[in-house]
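Observations on the model geometry
Chain residues, written in single-letter form:
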Amino acid sequence: MRWENLTESAEHGRADAALFGADAVVSRTFDTPEFAGITFHEIRARSIINRVPGASRMPFEWTVNPYRGCSHACVYCFARKTHSYLDLDTGLGFDSQIVVKVNAPELLRRQLGSRRWTGDHIAMGTNVDCYQRAEGRYRLMPGILAALRDHANPFSILTKGTLILRDLDLLRQAAAVTDIGISVSVGFTDPELWRTVEPGTPAPERRLDVVRTLGEHGIGCGVLMAPVIPFLSDTPAQLRATVRAIAAAGATSVTPLVLHLRPGAREWFMAWLEREHPYLVRRYERLYADGAYAPKWYQRRITRQVHELAQEYGIGPAGAGMPRRIREPEPEAEPMSEPIQLTLI
């Protein structure tokens, strides 16, 4: 593996100084069912706050990613390409070779306290899920959240993981002192599609339970309805069922995002499509003939349908901008505007 090539900017596809040396890597396997077939590469990173390239479509500038690779094993995951920077396979290797930045909490606390850090918003879950199964063992997020809370640094989290509820108290404490935004990714509710497309994730209904629970504890939670998968989860009936379930969970917003297929993810997804739905291969080749993104007309159609359904069910589309502060409701407080849903996947 090219550990020396893992750099701060290589997180986003460019070369820079190495974040750690090869002699800092410890590889482990664990003899437990939930980690069967997974190897964890523990490293001590030299930097944990990463700048997003200026050309990125992301509406934020800084990210924290305590893990690389993801046991969620989503066949469409755009982050698969990043594993190639380590000479790791972007298919099964991405799902089973997990890089763990074991010093992430202490490193983040030090960087947040630096005179050079200006307190900008930090997004998490933007590359791989910070609440994937590995987090249950390594417990990096409590320290990360505590550091952000103690420095009153605004942040957002996007996750498919139910483990975020473990850190509910820390999220409430952070929300009392800074702006936070929590979003859960639920692209569809079809159980059969979920089992084949997102085999390592909690079921969609469990993720919607997270939305519900957070709301019950005063933390508004939006849903990134992503990905909407062409010809598999995009019929009017399927979109309606998904939006209805999102509304029933009490989501503060819903933002649809159509599947995109970047290099690394495209090859893995198309191989899956050939096995599971070979009759769709030619249709996908035509739909994605011009690149990683579906045509604008298709994206607009899905967005319009979802927003109309969201309005019908009383949640409406998300606005644009940064996440707002989320506080416990107070009787004398003025009504607050809708929270902001980041478009990430």
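Above: the structure in question.
As a starting point, this report considers the structure included with it. Throughout this document, residue positions are counted from 1 along each chain, in the order its sequence is written. Local features in a predicted model are, by the rule used here, given only for residues with pLDDT of at least 70; side-chain atom pairs are given and counted only at 80 or more, and totals for whole chains, interfaces and linings are based on all residues. Just so you know, side-chain values use all the structure's heavy atoms and leave hydrogens and water out.

Things to note about the sheet that holds strand β4 (residues 62-64)
Backbone-to-backbone hydrogen bonds pair the strands of a sheet. The strands run either parallel or antiparallel. What the seven strands build is an open sheet, ordered β3-β4-β7-β8-β9-β10-β11; its pairing is mixed. Every other strand in the sheet has two partners, leaving β3 (49-51) and β11 (254-258) as the edge strands with one partner each. When the angles between neighbouring strand axes are averaged without regard to direction, this sheet yields 25°. Here strand β10 (residues 221-228) pairs with β11 via four bridges, running parallel. Looking across to β11, one finds that valine 228 is bridged to valine 258. Packed on one face of the sheet, helix α8 (residues 236-248) meets β10 and β11 and runs near 160° to β10. In the packing of helix α11 (residues 296-312) onto the sheet, the strands contacted are β10 and β11, and the crossing angle to β11 comes to about 160°. Strand pairing requires that DSSP identify at least two bridges connecting the strands. For helices the rule is a DSSP run of H or I covering at least 4 residues; for strands it is a run of E covering at least 2, with both sets numbered from the N terminus onward. Here an angle of 0 to 180 degrees is reported between the N-to-C directions of two axes, which are lines fitted to C-alpha atoms, with helices fitted over the stretch in contact. Any two residues whose heavy atoms approach within 4.5 Å at even a single point are treated as in contact.

Considerations on the nonpolar core
In globular proteins that are soluble, nonpolar side chains generally tend to be buried together. Think of a nonpolar core as a cluster: buried Ala, Val, Leu, Ile, Met, Phe, Trp, Tyr and Cys residues, connected wherever their side-chain atoms sit within 4.5 Å. Under the scheme applied here, a residue whose accessible area is under 20% of the maximum for its type counts as buried, over 50% as exposed, and between as partly exposed, the area being computed with a 1.4 Å probe on protein chains only. Formed by 98 residues in total, the largest nonpolar core has its most connected members in Leu108, Ile122, Met124, Ile157, Phe269 and Tyr284. For this core, the element with the highest residue contribution is helix α4 (residues 141-150), accounting for six residues. If sequence neighbours within four positions are ignored, leucine 108 has contacts with Ile48, Ile49, Val64, Ile122, Ile144, Ala147 and Leu148.

Comments concerning the pairing of strand β6 (residues 97-101)
Among the five residues of β6, five are classified as buried, and the element is accordingly described as predominantly covered. Neither face of β6 is exposed, since Gln97, Val99 and Lys101 on one face and Ile98 and Val100 on the opposite face are all buried. Where strand β2 (residues 39-43) and β6 come together, five bridges link them in parallel fashion. Bridging across to β6, phenylalanine 40 finds its partner in isoleucine 98. For strand β5 (residues 67-68) and β6, the ladder comprises two bridges, and the chain directions are antiparallel. Looking at the pairing, arginine 68 lines up with valine 99 of β6.

These results come straight from atomic positions and should not be treated as a statement about function.
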